[in-house]
There are 4 protein chains.
Amino acid sequence: MSDTFETWRDRLERLRSHKAFELTVITIIVVSALLIGAKTYEEEVSRFQAVMLWLDVAVTVFFLVEILIRMAAERRLRDFFRKGWNIFDFLIVTASLIPMDDSEMVLLARLLRIFRVLRLVSMIPELRMLIAALFKSIPRMGYVVLLMFIIFYIYGALGSFLFASVDEKLWGNISLAMLTLFQVATFESWATAVLYPTMEHYPYAWIYFLTFIFLNAFIFLNMMIGIVLDVMQKESLAIELESGEGEAAELHGLRDDVRELRDQLSRMEALLERQRG
Amino acid sequence: MSDTFETWRDRLERLRSHKAFELTVITIIVVSALLIGAKTYEEEVSRFQAVMLWLDVAVTVFFLVEILIRMAAERRLRDFFRKGWNIFDFLIVTASLIPMDDSEMVLLARLLRIFRVLRLVSMIPELRMLIAALFKSIPRMGYVVLLMFIIFYIYGALGSFLFASVDEKLWGNISLAMLTLFQVATFESWATAVLYPTMEHYPYAWIYFLTFIFLNAFIFLNMMIGIVLDVMQKESLAIELESGEGEAAELHGLRDDVRELRDQLSRMEALLERQRG
Amino acid sequence: MSDTFETWRDRLERLRSHKAFELTVITIIVVSALLIGAKTYEEEVSRFQAVMLWLDVAVTVFFLVEILIRMAAERRLRDFFRKGWNIFDFLIVTASLIPMDDSEMVLLARLLRIFRVLRLVSMIPELRMLIAALFKSIPRMGYVVLLMFIIFYIYGALGSFLFASVDEKLWGNISLAMLTLFQVATFESWATAVLYPTMEHYPYAWIYFLTFIFLNAFIFLNMMIGIVLDVMQKESLAIELESGEGEAAELHGLRDDVRELRDQLSRMEALLERQRG
Amino acid sequence: MSDTFETWRDRLERLRSHKAFELTVITIIVVSALLIGAKTYEEEVSRFQAVMLWLDVAVTVFFLVEILIRMAAERRLRDFFRKGWNIFDFLIVTASLIPMDDSEMVLLARLLRIFRVLRLVSMIPELRMLIAALFKSIPRMGYVVLLMFIIFYIYGALGSFLFASVDEKLWGNISLAMLTLFQVATFESWATAVLYPTMEHYPYAWIYFLTFIFLNAFIFLNMMIGIVLDVMQKESLAIELESGEGEAAELHGLRDDVRELRDQLSRMEALLERQRG
């Protein structure tokens, strides 16, 4: 019994790591993505509604079978949940299994199915590496984001106190003001729709906007340069150490050779002295 | 008496450098920031006005006590004012103490309280380091900013002389013209709202705008590249020197060894010559 | 007969590699480009239509003759088609030879002639190198583009499901939604024309837009930094290896010298021992 | 007579290189710049017209005297014109001397006077260096600009042929089309004012615009990265060579020491052999 089980697990493991299996999964993910996209074309969908529904169920079942295979191929179930990407896949697959027949829940079910496209990221190793690299760079950016948030908050409060009477929609409270400031930071209609109407009531409003833009640009540029230099410094130090090690070993060997020479000479000197004596 | 005083100072010093104290201060700053933000929601505020006022006073008193503790914990008061960040905290706290009951002064009092959020920067060491790094990069950017200002001034004067008749609001005088040029530099409606209306009167106006944009982009890009390379060069030189020093020491030691060998050989040669003689 | 042929080919080869020939070709390409540009000025063209037509035929004939010369100058015709740029030139020249007298085909014929300007790229070696460098950087960018497409697709599907009722033109189906998202990614009227109208129906729409913008900016910045560092690392490693090799050779030579010294000393020691014995 | 002349030249030379003289010149340039700016405020100017005119003449005379002093301080007049910045100053000063009383010429005279502000660049050494660095980077960017111009030209011709019927103002001829494309490249109203109106007639116009934007962004980014890497590579090679030289000298010295050792040993070996013989 246990042997049969073992054989099955080995077979599943071979299946899981087979190139064709991976390609099939990727193809099904792409099909599922196209299905989601097709559903956004309302008119066309109504005609093929039956086909769509059938395909939807087929994709859901395939994903379920696939994840069960990958779970069964693992020596212990615990090993499966040890990898972050497996948990990610498991959540996406199970989320789309929850039965939501209620007409109100249909939208949520649809939204959950969209996230199946993300399984493409967990299936392609290069994308997985890219995402890992992105996550690594988050802490480096954390404090800069905090600093920028503080600047947005202060300017938001200032703007809300000063300009609330000019345009309630743009400066009505601190949340609206911060959204307006984000619009200004992206340079979208910042002059024609935000600055000039404000300057009609407060002619010196340009000081507020220009200091905000300069402060933002200044911090952003410095952060960019800082990150580039930071990463570079670490890497060039690593290279330096590596190439330095080879040379250091060579130099060390040379010094040992010279020390041996000295010992030999000392022996010879002793010989000579004895001869003389 | 003096001993009691000493003991008190030590206690305050321990309190000041306690992690829980720092966390409390940061929490109060965040509360004070939320309070400022909440005040921008006019309707809600009127309901809780009494609570708001009470909280405001509480925060002000807390900040006063906190800065007094930090001053008392110092051996001499002079030491407290030696650190730039302490002066910064002191100014922010005292500014919010000035009594401004006058209805006209209320706005100013509010604005001053907003700057309390900046105390977050002085409390978190990582943000303090970030700000210090930003200040260091100012002189490097100074001359580039001056050069850009000269270009803005010349184009502003040109634009004001040439296009004042086209749109008094955009090109009326050199200040307005420079503001318009800043709008053009951020690419905000530069073509639809500035270039095309001008080209209806002056068909060759595009030369003015395109040269301005290219000049700006060219200087800006070169400045960015220049700064990155400048900082990098310094750092890679520093790394080079450091890693070079270790090797240089190794080489120096090796040379000393070889010189010792020579001395030993010279002694042996003398012995041999004497033997022969 | 064969000799005459050989002489002819040599003459054509000398002609092809002559500086004046290259300059003539470049001049004719520029003339052909100006001709295409001139045709866009409808009124003027009608006056000089006969001249235009004559010039057009002349340019076509010249390009045909030029490519025939370059083909004849080659030892074997196969060699001509071995270079990518030759195939590129051949396709452009032959495409404009297809007779398209049909009034409907005139537009296509015109469009094909525009691509003759691209022959400037294949004629100037510096531009050819630039294009080659651009092609080399495509694979490095491939996976990032795929990742960004996945993000656009997911946000497009989400936006189409959520906001289709708000503005059919912007969010009607996934294609329109992705185009709208591209507009948002370029910050063009993203707040005034897309975000604010959507927020009137869905007040929390800003979460959708802000996460999209931050995600995009974050991936884009990381990609840029990644590429710069990647290329740099490779180059600095290459430099390191090169400069390291010289030193390593020097160190190696030194070690050989020291070993020779040891051999010499061993011989001397043997001599001394024999003297003593 | 000649001696008096010599003394005068020496005095002028000392004057020219005096710090106070330079500061005076810079002050007068700033005053002249403020004068130009003030003239753009029409109403104010009419009141102080007499003062303005007097100041204008004073500044012109000062600049004339200053350049004459600098010319006289030179050993030979030819030496003065050898420096590019001197020619630059000379042209700016003489251009504002041309009498233009004609009411039509007044505008030109005004424009010429604006360029006096540029003398600030020639007076401040740091700005002079910055400009020199900018000029050096021009050739590196030349071919990329040419490549981008070719792309603009081809897309301009295509756009003019395809979309001229949609909007005569935007796509009427190749010049207008290239200007529209520049607007698209800066992302200014590219979707709302250019893409969407065109898509109403040509639903596939998005292919034209998206390929254009991607091509531009791709070339621009690669150029930026290319320039950064190019400059960096040169500098890191220079640093490498410099630091490498010190070490190479040390290694060379060490090898000489070891060779001396060998010579000494050979002499000793000869001694020993003779003893034995």
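Preceding this paragraph is the structure being described.
Let us look at the structure shown here. Computed from a prediction, not measured in an experiment: that's the story for all the values here.

1. Considering the overall build of chain A
Part 1 of the reasoning: Looking only at helices and strands, chain A features 14 helices and 0 strands.
Part 2 of the reasoning: The helix and strand sequence of chain A, counted from the amino end, reads α-α-α-α-α-α-α-α-α-α-α-α-α-α.
Part 3 of the reasoning: Across the 277 residues that make up chain A, the buried fraction comes to 45%.
Part 4 of the reasoning: Once local pairs closer than 6 in sequence are excluded, the contacts in chain A between residues at least 24 apart make up 60%.
Part 5 of the reasoning: Just so you have it, chain A exposes about 14,900 Å², and 66% of that area is on carbon and sulfur atoms.

2. Describing the relation of the copies chain C and chain A
Part 1 of the reasoning: The two copies are related by a screw motion: chain C maps onto chain A through a turn of 90° and a shift of 0.2 Å along the axis, at an RMSD of 0.3 Å. The superposition operator between the copies reduces to a four-fold rotation axis. Minimal C-alpha distance to the rotation axis in chain C is attained by C:Glu188, lying at 4.6 Å.

3. Observations concerning the interface of chain D and chain B
Part 1 of the reasoning: Chain D puts 62 residues into the contact, and the matching count from chain B is 59 residues.
Part 2 of the reasoning: With both chains or domains summed, chain D and chain B bury close to 5,500 Å², and 74% of this area falls on carbon and sulfur atoms.
Part 3 of the reasoning: Run the count over chain D and chain B and you get 8 residue pairs in polar contact (both at pLDDT 80 or more).
Part 4 of the reasoning: Counting only elements with at least two residues in the side of chain D that touches chain B, the list comes to α2 (19–39), α7 (106–114), α8 (119–123), α9 (125–136), α10 (138–163), α11 (168–171), α12 (174–185) and α14 (205–276) of chain D.
Part 5 of the reasoning: The leading source of residues in the side of chain D that touches chain B is α14(D), at 27 residues.
Part 6 of the reasoning: Grouping the amino acids of the side of chain D that touches chain B by side-chain chemistry returns 38 nonpolar, 11 polar and 13 charged.

4. Section: the packing of aromatic side chains
Residues and elements named next belong to chain B.
Part 1 of the reasoning: A complete count under the given rule lists 68 aromatic pairs over all chains for this structure.
Part 2 of the reasoning: With 5.2 Å between their ring centres and 80° between their planes, phenylalanine 152 and phenylalanine 212 make a pair best called edge-to-face. Highlighted residues: phenylalanine 152 in helix α10 (residues 138–163) and phenylalanine 212 in helix α14 (residues 205–276), separated in sequence by 60 residues.
Part 3 of the reasoning: Owing to a relative accessible area of 0%, phenylalanine 212 belongs among the buried residues under this scheme.

5. Some points on the pattern of salt bridges
Part 1 of the reasoning: Here the structure, examined in full by the defined rule, presents 32 salt bridges over all chains.
Part 2 of the reasoning: For C:Arg70, the salt bridge goes to C:Asp89, with nearest N and O atoms at 3.1 Å. Remark: C:Asp89 occurs in helix α6 (residues 84–95) and C:Arg70 occurs in helix α4 (residues 49–72); sequence separation between them is 19 residues.
Part 3 of the reasoning: Linked by salt bridges that have partners in common, A:Glu66, A:Arg70, A:Asp89 and A:Arg119 make up one network.

6. Some remarks on the interface of chain C and chain A
Part 1 of the reasoning: Counting from both sides, the interface comprises 59 residues of chain C and, opposite them, 62 residues of chain A.
Part 2 of the reasoning: Of the roughly 5,500 Å² buried between chain C and chain A on both sides combined, carbon and sulfur atoms contribute 74%.
Part 3 of the reasoning: For the pair chain C and chain A, the number of links is 8 residue pairs in polar contact (both at pLDDT 80 or more).
Part 4 of the reasoning: Elements supplying a minimum of two residues to the side of chain C that touches chain A: α10 (138–163), α12 (174–185), α13 (190–201) and α14 (205–276) of chain C.
Part 5 of the reasoning: If one sorts the elements of the side of chain C that touches chain A by residue count, α14(C) sits on top with 33 residues.
Part 6 of the reasoning: Taken together, the residues that form the side of chain C that touches chain A break down as 36 nonpolar, 13 polar and 10 charged.

7. What to know about the nonpolar core
Considering soluble globular proteins, one finds that nonpolar side chains tend to be buried as a cluster.
Part 1 of the reasoning: Membership of the largest hydrophobic core comes to 272 residues, with the highest contact counts inside it found for A:Phe209, B:Phe209, C:Phe209 and D:Phe209.
Part 2 of the reasoning: Each residue touching D:Phe209, except ones within four places of it in the same chain, is listed here: D:Phe163, D:Trp171, D:Val184, D:Trp190, D:Val194, D:Leu195 and D:Thr198.
Part 3 of the reasoning: In terms of nonpolar packing, the next biggest core, distinct from the first, is built from 32 residues, B:Val258, C:Leu251, D:Leu261 and D:Met268 among them.

8. Topic: the side chain of D:Asp89
Residue and element names in this part refer to chain D.
Part 1 of the reasoning: By relative accessible area, which is 1% here, aspartate 89 ends up buried.
Part 2 of the reasoning: A polar contact is formed between the side chain of aspartate 89 and the side chain of arginine 70, at a distance of 3.1 Å.
Part 3 of the reasoning: Leave out the neighbours within four places in its chain, and aspartate 89 touches Ile67, Arg70, Arg119 and Ser122.

9. Let's talk about helix α9 (residues 125–136) of chain C
Along an α-helix, residues three or four positions apart point the same way, because every turn accommodates 3.6 residues.
Residues and elements named next belong to chain C.
Part 1 of the reasoning: Taking 1.5 Å per residue as the helical rise, α9 with its 12 residues ought to reach 16 Å, and the 17 Å between its terminal C-alpha atoms agrees with that figure.
Part 2 of the reasoning: Of the positions making up α9, those classed as buried are Leu127, Ile131 and Leu134. Down the axis of α9, the buried side of the element spans an arc of 55°, and every buried residue falls inside it. Exposed residues lying more than 90 degrees from the buried face of α9 are Met129 and Lys136.

10. Overview of the packing of α10(B) against α2(D)
Part 1 of the reasoning: Their axes nearest at 9 Å, the elements α10(B) and α2(D) cross at an angle of 30°. Looking at the two axes, α10(B) sits roughly parallel to α2(D). Considering how the two elements wind past one another, α10(B) and α2(D) form a crossing that is left-handed. Between α10(B) and α2(D), the contacting residues are B:Tyr153, B:Ala157 and B:Phe161 on the first element and D:Ala33, D:Leu34, D:Ile36, D:Gly37 and D:Lys39 on the second.
Part 2 of the reasoning: Its residues assigned to classes, the contact of α10(B) with α2(D) shows 6 nonpolar, 1 polar and 1 charged.

11. Here we look at the environment of D:Thr60
Residue and element names in this part refer to chain D.
Part 1 of the reasoning: Along the chain, threonine 60 falls in helix α4 (residues 49–72).
Part 2 of the reasoning: Residue classification places threonine 60 among the buried residues on the basis of a relative accessible area of 11%.
Part 3 of the reasoning: Threonine 60 sits 12 residues away from alanine 72 along the chain, and the two C-alpha atoms are 18 Å apart.
Part 4 of the reasoning: The residues contacting threonine 60, other than those within four sequence positions of it, are Ser96, Leu97 and Arg116.
Part 5 of the reasoning: A distance of 2.8 Å separates a polar atom in the side chain of threonine 60 from the backbone oxygen of aspartate 56.

12. Here's the deal with a nonpolar patch on the surface
Part 1 of the reasoning: Where nonpolar side chains cluster on the molecular surface, the patch consists of A:Leu77, A:Phe81, A:Ile87 and A:Leu91 and spans about 340 Å² of accessible area.
Part 2 of the reasoning: Among the structural elements, A:Phe81 can be located in the loop between α5 (77–80) and α6 (84–95).

13. Quick notes on the side chain of C:Thr186
All names here are of chain C.
Part 1 of the reasoning: The topology assignment puts threonine 186 in the loop between α12 and α13.
Part 2 of the reasoning: Overall, the relative accessible area of 8% leaves threonine 186 in the buried class.
Part 3 of the reasoning: Of the polar contacts made by the side chain of threonine 186, one reaches the backbone oxygen of glutamine 183; its length is 2.8 Å.

14. Some words on unusual backbone geometry
Part 1 of the reasoning: Phi at B:Phe187 is positive, roughly 65°, even though this residue is not glycine.
Part 2 of the reasoning: Structurally, B:Phe187 can be placed in the loop between α12 (174–185) and α13 (190–201).
Part 3 of the reasoning: On the basis of relative accessible area, B:Phe187 is assigned to the partly exposed category, the value being 31%.
Part 4 of the reasoning: Of note in this structure, D:Ser189 is not a glycine but carries a positive phi near 50°.
Part 5 of the reasoning: Here D:Ser189 shows up in the loop between α12 and α13 (190–201).
Part 6 of the reasoning: A residue is classified by how much of its surface remains accessible, and D:Ser189, at 14% relative accessible area, is buried.

Criteria and cut-off values
- Residues numbered from 1 in each chain as written.
- Chains lettered and ligands numbered in written order.
- Predicted model: local features only at pLDDT ≥ 70, side-chain atom pairs only at ≥ 80, totals over all residues.
- Heavy atoms only, no water.
- Helix = DSSP H or I, 4+ residues; strand = E, 2+ residues; numbered from the N terminus.
- Buried < 20%, exposed > 50% of the residue type's maximum accessible area, 1.4 Å probe, protein only.
- Contact = heavy atoms within 4.5 Å.
- Areas by Shrake-Rupley, 256 points an atom, 1.4 Å probe, with all protein chains shown as cover.
- Least-squares fit on C-alpha atoms with pLDDT ≥ 70 in both.
- Buried area = accessible area lost by both parts, 1.4 Å probe.
- Polar contact = N/O pair within 3.5 Å; in protein donor to acceptor, adjacent residues only side chain to side chain.
- Nonpolar A, V, L, I, M, F, W, Y, C, P; charged D, E, K, R; others polar.
- Phe/Tyr/Trp six-rings, centres within 6.5 Å; stacked < 30°, edge-to-face > 60°.
- Salt bridge = Lys/Arg side-chain N within 4 Å of Asp/Glu carboxyl O.
- Core = buried A, V, L, I, M, F, W, Y, C linked by side-chain atoms within 4.5 Å.
- Expected span 1.5 Å × (residues − 1).
- Arc of directions from axis to C-beta.
- Axes fitted to C-alpha atoms, helices over the stretch in contact; angles between N-to-C directions.
- Parallel < 35°, antiparallel > 145°, perpendicular 65-115°, else oblique.
- Left-handed = near helix turned anticlockwise from the far one by under 90°.
- Patch = residues over 30% accessible without salt bridge, like charges linked within 9 Å, V, L, I, M, F, W, Y side chains within 5 Å.

Don't take any of this as a statement about function, it's just geometry.
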